[in-house]
Amino acid sequence: MHQLVPARDGFLFYVRFCVAAVFRRPFAASEERSQATMIRRVDAKERARDREQRILEFWEAHQVFQKSEEIRRGGPEFVFYEGPPTANGRPHSGHVLTRVMKDVYPRYKTMKGYHVERKAGWDTHGLPVEIEVEKKFGISGKKQIEKFGVERFIEACRESVFQYEAVWREMTAKLGYWVDLDHPYMTLSDDYIESVWYLLKTIYDQGYLYQGHRVSPYCPHCETTLSSHEVAQGYKDVKDLSVTAKFRVLAPPADVPTFFLAWTTTPWTLPSNVALAVHPELRYALIHAADRGERYWVADDRKAQFLQPGDEVVETKTGAELLGIAYEPLFPYVQVEGRKHIVVTSSHVTAESGTGIVHLAPAFGEEDYRVCKEHGVVYVNFVDLSGRFTPEVTDFAGRFVKDEETNVDIVKHLAARGLVYEKHKHEHAYPHCWRCDTPLIYYAIDSWFVRTTAVKDLMIANAKAVNWMPEHIRDGRFGNFLENMVDWNLSRSRYWGTPLPIWVCDQCGERACIGSKAELQSKAGRLPKELHKPYIDDITWRCACGGTMRRVPEVIDVWFDSGSMPFAQLHYPFENQEAFSRLFPADFISEAVDQTRGWFYSLLAISTLVTGKAPYKNVLVLGHVLDEQGKKMSKSKGNVIDPLEAIEMHGADALRFYFLSNTQPWNSQRFYHKAVAESKAKFIDLLQNVHAFYALYASLDGFAPSAHQLPPAKRSLMDRWLLARLHDLIRRVDTAMEAYDATTAARLLQDFVTDLSTWYVRRGRERYWASGMGDDKVAAFLTLYEALATVAKLAAPLVPFIAEDIYQNVVRSADPHAPISVHLCDFPQADPSLIDETLLAEMDLVIRAVEMGRYLRNEAKIKTRQPLSVLYLPKDQEAVLRKFEDVIQDELNVKRIEYVHLDAIAKPELYLNLRAVGQAYGKLVPVLNEAAKRATPEQIRAFLETGVVELEGCAIRADEGHAELRYHPKFAGVIQVTPRGFAGLCTELTPELIEEGYVREIISKMQMMRKEVNYNVTDRVVFSAQGDAEVMRILQDHYDEIAATVLIERLELEPMAGDLTKEWDVNGKRLTLSVRKGG
RNA sequence: GGGCCUAUAGCUCAGCCGGCUAGAGCGCACGACUGAUAAUCGUGAGGUCAGAGGUUCGAGUCCUCUUAGGCCCA
């Protein structure tokens, strides 16, 4: 570009020129304007971010996003659901990947004629929000929240939720993610909550909403349950007292005292023991302990731990055979009637630690709770919400269960009665509250559940019908999860969430589930200020029994909020019934793989419960974005890349293209600046370079594509090849995008742009600077125009900014009637008649011949600027190669090409690999080597055809690496032979060739000087030259040719003061050149 | 502890239904080109296809086990 700028006007002028061009030329072209505008020259070095900002302003000014939706109204619907992010944290790199994928397919479908609505959404409720607020006000735990004031707390949550919305908006916009952020759905709105209530009531009416217990990690100090994520933060290695307790069998087979042994690291759960669990298929051994005179049941696999010398195994049984055996309780506290203190079976028991027999206390373990429930064993809970024993535990009432002393005393109590087999301090990782450091306990609290297990089969069937990408999610991660489904624990004992709409009578226990505001109004006679706590909890009414209906205190799991979005984003069924029938189910959703048990599940569960159908048809599951070392990005490691910073540095197109082309999106992938920069250089910059090239010459010539008609049949082979390549590309990209495979589409585009730039344009450059406007030049311009215009459209969904830039400058400047944005265009359609497969294959042959030729020049160390006389190519490829003779000749700078048989130009020789032959035949090597040199043509042909030849009675084998054929040229030059062909290059230099080499050398030096001083390509100049007599003679003898190429007006032989003077080494001879502009 | 995924050149990735001597880009070294030029072209070095078994005429590819990493869940 720099040579375009007159040196004296300098860079600032150039910048002003560009800026003016940007704002006046293509974008000023309003819809009414019918005159074609001039194409704008492109600054290939423009910062990507500046270019993209320009495009963003253009989209904004012309409402392109809105129009892209409007113009497709009435077309087939492509339904996209936005999984709502939370705006109370900054977006990270993973969100970039998600947003790119969510953008690409809707853009593509829009261009294919589909109508796509893209409603943004915000996930606003949940514990993370509450924790942020707790931090802000320096409070912690439910007691302090109550003291702080629930109303004040809720208000603070509401404010905190949109804290980072502006950053999200900025990231979304700069990334080019088209989504309607002005009309988003928000889970905190009353409309949204009301829809969620409707769904809950629908579920309730089917009898699928029930109350039960749930065992959760629980902090007895904060009096709250913790999520698994919180638990994972607080593991610490601690030493706890562990005990192997003896449970006496009530009806021993002999009168020897017999016990089940069970090991626990939480002695405080033993007072609540109600059963023992064994694995039904495991073998258990009954050990007779000789010295104690007692017998113990333990898993057969564990018996070595318990056998003392002299002991013996008297019996073995399977776990199933032990089922139902009753034992004497360790403590007398469990008074409730029912099945208790018996052996039950469960497949979760293992023989990998302890005794292979597990003590069960249903309130303090999830498995314990489940197994007891399955076997109909009684439920007891002797620990209160503050972690202290209840009065039933008479010996330890009021004592904190996690105190070491309490546990020691419990063990002592047992030991005193002979019920301890063994005890020791056991070191293990135990979870602690990340807030207050209190050891957590697993603790059963009242919870509400959705009976998802009731529709398990339907959910599985629905999930199977979905197109999961990658496919293995369907039967793998997601399929397994559904197979092991448990009821959905819906309630949370928290504040900031959708209130569970269940009211219970404080007298008779009557229940009501409310499914709308109208229903609440009719029951209670009034509505709260809003549907959140604490306001909603003020709404009560009189029960038929005379008691008061009060709402249960819980809010619901935020996953139910987001899973409700197909309904609640439309405030269905209270509004938009028509829209809902149009926008359900989704054709396409995409989120990261961690949403398998999150959003993918909650959407499916709610939709299946309410409609019986799957809520989505195609799900693209994304992998995680990792740092350069393949580690998870986290603030503490300091390896986080801020997406906005990355966009600032490389531009959104580069980021988008990196994520699209790097790997299939479900693989986890690394993300770092260098990788993005590379992606930018290999595709975005290359494409922009081609654009700049076209713009430069099209503007110089005032080329107007619409003014010319030239059917492909009348264009050069090179043009027809590019068009074949282009239409083949259209077909492949379309197929890939249709299959949600943007990765393949991106790679195909990249390969095409590489070919376009490094072969078609590079090979055809001089066609564009030919004088006049002959047919060949028109063909070159038209073909490049069509390629750029088509690539812009094909690439528009992937890299929307540069695609728009090219479209505006190349297409819109030429055709004022074209749609105002590339994103309003139809996706290109391949013309099969242009896809000439033969031509594509032939060009491969040509490129291979050229590559061999370049290799030979390299081998011979003769620079390309030195013309050579002859290139030999295979006779059997003559028909093809002859068609491209000018291309090959020009690329390799040879005077002519001869098509010959290999025999005619080369002599094959058998060349022994002495090392291999030595290993095989030892000291015969010298003899064999002589024989090889004397090998007859028959012997050589035998080796060539069969891979083996006999020399002096020894088999010389190609597959053993004994020998290879080497070809010696029969002419003065070099040769390369490959299985697919050969090339020979005559390196003999005649005086004429040498002289011509000098001419090219001189021209090259002069062009370099023109460029160095930034002359315009069309400026005429004056050169002065002095130096070696031979060079000077050649310069003068070929003056006309040189002057025409370098645009020399006059040659001075005396030294001259010019803009630049340089001393050159021209093939070893001295030449001093000065240059100045002509007049 | 369970489930799922991944493992191919120094790095990032292709490699179809099992079938030529396992490829590309980047990086590195060397050379070329020079009217797109902070661009471009070529050559070279660099591989125990994570490891071990198995199926097969033939395995990077299919099966089993092991190892390492990632994710989800306990």
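Within each chain, residue numbers correspond to sequence positions counted from 1 in written order. For naming, the first written chain is A and the first written ligand is 1, with later ones following in the order written. Where local features are concerned, this predicted model is filtered to residues with pLDDT of at least 70; where side-chain atom pairs are given and counted, the filter is 80 or more; whole-chain, interface and lining totals use all residues. Based on all heavy atoms of the structure, the side-chain values leave hydrogens and waters out of the count.

K.L.:
Please explain helix 22 (residues 643-650) as it appears in this structure.
P.N.:
Since one α-helical turn is 3.6 residues long, residues separated by three or four positions face the same way. Buried residues of helix 22: P643, L644, A646, I647 and H650, and no others. One face of helix 22 carries all of its buried residues, which in axial projection span an arc of 160°. Any two residues having at least one pair of non-hydrogen atoms within 4.5 Å are treated as being in contact. Only DSSP runs of H or I covering at least 4 residues are called helices, and only runs of E covering at least 2 are called strands; the numbering of each starts at the N terminus. Against helix 2 (48-62), helix 4 (93-111), helix 8 (165-175), helix 23 (652-662) and helix 24 (673-701) lie the buried residues of helix 22. Taken from the residues just after helix 22, G651 is the one with a positive phi, measuring 90°. For the exposure calls, accessible area comes from a 1.4 Å probe over protein chains only, and a residue counts as buried if that area is under 20% of its type's maximum, exposed if over 50%, partly exposed in between. What the arc measures is the spread of directions leading from the helix axis to the C-beta atoms.

K.L.:
Any chance you could explain the environment of C986 here in plain terms?
P.N.:
Among the secondary structure elements, C986 is positioned in strand 36 (residues 981-986). Using a relative accessible area of 6% as the deciding quantity, one classes C986 as buried. A sequence separation of 280 residues divides C986 from S706, and the C-alpha atoms of the two residues are 47 Å apart. Residues within four places of C986 in sequence aside, it is in contact with L868, S869, V870, F971, A972 and G973.

K.L.:
Honestly, the protein's contact with RNA strand B in this entry has me stumped. Any pointers?
P.N.:
Proximity is defined per residue: if any heavy atom of the residue lies within 4 Å of a molecule or strand, that residue is considered near it. In the neighbourhood of RNA strand B, 44 residues make up the surrounding shell, with R477, R597, R865, Q1007 and T1045 lying closest. The side chain of T663 places a nitrogen or oxygen atom 3.4 Å from a phosphate oxygen of RNA strand B. Elements that contribute at least two residues to the surface near RNA strand B include exactly helix 16 (477-483), helix 24, helix 26 (742-768), helix 29 (837-860) and helix 36 (991-1012). Along the lines of polarity and charge, the residues of the surface near RNA strand B split into twelve nonpolar, 15 polar and 17 charged. Counted as a polar contact is a pair of N or O atoms within 3.5 Å, where, for protein atoms, one must be capable of donating a hydrogen and the other of accepting one, and residues adjacent in sequence contribute only when both atoms are in side chains. Think of it as three bins: nonpolar holds Ala, Val, Leu, Ile, Met, Phe, Trp, Tyr, Cys and Pro, charged holds Asp, Glu, Lys and Arg, and polar takes everything else, Gly as well.

K.L.:
Explain the sheet that holds strand 5 (residues 209-219) to me, please; I cannot follow it from the model alone.
P.N.:
For sheets, the rule is that strands pair by backbone hydrogen bonds, running either parallel or antiparallel. In short, DSSP must find at least two bridges between two strands for them to pair. Pairing is antiparallel across the open sheet formed by four strands, whose spatial order is 6-5-16-18. In this open sheet, the two strands that pair with only one neighbour each are strand 6 (224-225) and strand 18 (488-489). As judged from the two bridges shared by strand 5 and strand 6, these two strands associate in the antiparallel manner. Considered in strand 6, the bridge of Y218 is made with T225.

K.L.:
Explain the packing of aromatic side chains to me, please; I cannot follow it from the model alone.
P.N.:
By convention here, two paired aromatic rings are described through the distance between centres and the angle between planes. Note on aromatic pairs: the rings of Phe, Tyr and Trp (six-membered ring only in Trp) are paired at centre separations within 6.5 Å, and the planes decide the class, stacked below 30 degrees, edge-to-face beyond 60, tilted for the rest. Overall, the coordinates contain 54 aromatic pairs when judged by the stated rule. Judged by centre distance (5.4 Å) and plane angle (35°), the ring pair of W503 and W541 falls under tilted. In this pair, W503 sits in strand 20 (residues 502-505) while W541 sits in strand 22 (residues 541-542), placing the two residues 38 residues apart along the sequence. A relative accessible area of 11% means that W541 is categorised as buried. Seen in terms of ring centroids, Y694 and F781 are 6.1 Å apart; in terms of plane orientation they differ by 75°. Their pairing is edge-to-face. Here Y694 is found in helix 24, whereas its partner F781 is found in helix 27 (residues 775-795), with 87 residues between them in sequence. The pair formed by Y694 and F781 is uniform in burial state, with each residue classed as buried.

K.L.:
Help me understand the packing of helix 4 against helix 23 in this model?
P.N.:
Between two packed helices, what matters for the description is the angle formed by their axes and the separation of those axes. Look at helix 4 against helix 23: their axes get within 10 Å of each other, and the N-to-C directions meet at 85°. Our classification of the angle between helix 4 and helix 23 gives roughly perpendicular. Of the residues in helix 23, those touching helix 4 at S93, V96, L97, V100, M101, D103, V104 and R107 are L655, R656, F659 and L660. Taken together, the residues of the contact of helix 4 with helix 23 sort by class into eight nonpolar, one polar and three charged. The axes are straight lines fitted to the C-alpha atoms, using for helices just the contacting stretch, and the angles between their N-to-C directions are given from 0 to 180°. Small angles under 35 degrees read as roughly parallel and large ones over 145 as roughly antiparallel, with 65 to 115 read as roughly perpendicular and the rest as oblique.

K.L.:
Just checking my understanding: could you explain unusual backbone geometry for this structure?
P.N.:
What you tend to see is this: most non-glycine residues have negative phi, and most peptide bonds are trans. Following Y572, the chain continues into P573 via a peptide bond in cis, with omega recorded as 0°. On the secondary structure map, P573 appears in the loop between helix 19 (565-568) and helix 20 (577-582). Cis peptide bonds are those with omega within 30 degrees of zero, and the linkage from F584 to P585 qualifies with -5°. Residue position: P585 is located in the loop between helix 20 and strand 25 (586-592). You will see that H571, though not glycine, has its phi angle at about 55°, which is positive. Looking at the element boundaries, H571 is found in the loop between helix 19 and helix 20. Phi at Y740 takes a positive value of approximately 55°, unusual for a residue other than glycine. Tracing the backbone shows Y740 in the loop between helix 25 (717-738) and helix 26. For Y740, a relative accessible area of 10% translates into the label buried.

K.L.:
Is there a simple way to explain the nonpolar core in this structure?
P.N.:
A general tendency of soluble globular proteins is for nonpolar side chains to be buried together. The set of buried Ala, Val, Leu, Ile, Met, Phe, Trp, Tyr and Cys residues whose side-chain atoms join them within 4.5 Å is what this entry labels a nonpolar core. With 144 residues, the main nonpolar core has Y694 and L784 as its most contacted residues. In this structure, Y694 is in contact with I39, F703, P705, F781, L784, Y785, L788 and V810, ignoring residues within four places of it in sequence.

K.L.:
Looking at this model, I keep getting lost on the side chain of R725. Mind explaining?
P.N.:
In this fold, R725 is placed in helix 25. The exposure class of R725 is buried, given its relative accessible area of 15%. Those residues in contact with R725, other than ones at most four positions away along the chain, are D751, F752, D755 and L840.

K.L.:
Looking at this model, I keep getting lost on helix 13 (residues 404-416). Mind explaining?
P.N.:
For a helix, the expected span equals 1.5 Å multiplied by the number of residues minus one. For helix 13, with 13 residues, the first-to-last C-alpha span of 18 Å sits near the 18 Å given by 1.5 Å per residue. Once helix 13 finishes, G418 follows within two positions and takes phi at roughly 70°, a positive value.

K.L.:
How should the sheet that holds strand 30 (residues 894-900) be read in this particular structure?
P.N.:
Read from one edge of the open sheet, four strands run 30-29-36-35, paired in mixed fashion. Both edges of this open sheet fall to strand 30 and strand 35 (973-978), since each of them pairs with a single strand only. Taking each pair of neighbouring strands and ignoring which way they run, the sheet shows an average axis angle of 15°. Across the face of the sheet, helix 31 (residues 885-892) comes into contact with strand 29 (868-874) and strand 30 while running at roughly 125° to strand 30.

K.L.:
Can you help me understand the state of the cysteines in this one?
P.N.:
Any pair of cysteine sulfurs within 2.5 Å is marked as a disulfide. On inspection of all chains with the given rule, the structure shows zero disulfides. Not engaged in a disulfide, the cysteine C545 finds its nearest cysteine sulfur in C505; these two sulfurs lie 3.4 Å apart.

K.L.:
Which parts of the structure should I look at to understand the packing of helix 26 against helix 27?
P.N.:
Direction vectors running N to C along helix 26 and helix 27 enclose 160°, while the axes themselves pass 11 Å from each other. The orientation of helix 26 with respect to helix 27, classified from their angle, is roughly antiparallel. In this structure, the crossing between helix 26 and helix 27 has a hand that is left-handed. Each of L749, F752, V753, L756, Y760, V761, R767 and Y768 in helix 26 lies in contact with helix 27, whose residues at this interface are D776, K777, A779, A780, F781, T783, L784, A787, V791, L794 and A795. Across the contact of helix 26 with helix 27, the residue classes tally to 15 nonpolar, one polar and three charged. Should the near helix be turned anticlockwise from the far one by less than a right angle, the crossing is termed left-handed; should it be turned clockwise, right-handed.

The values reported here are purely geometric and, on their own, carry no functional implication.
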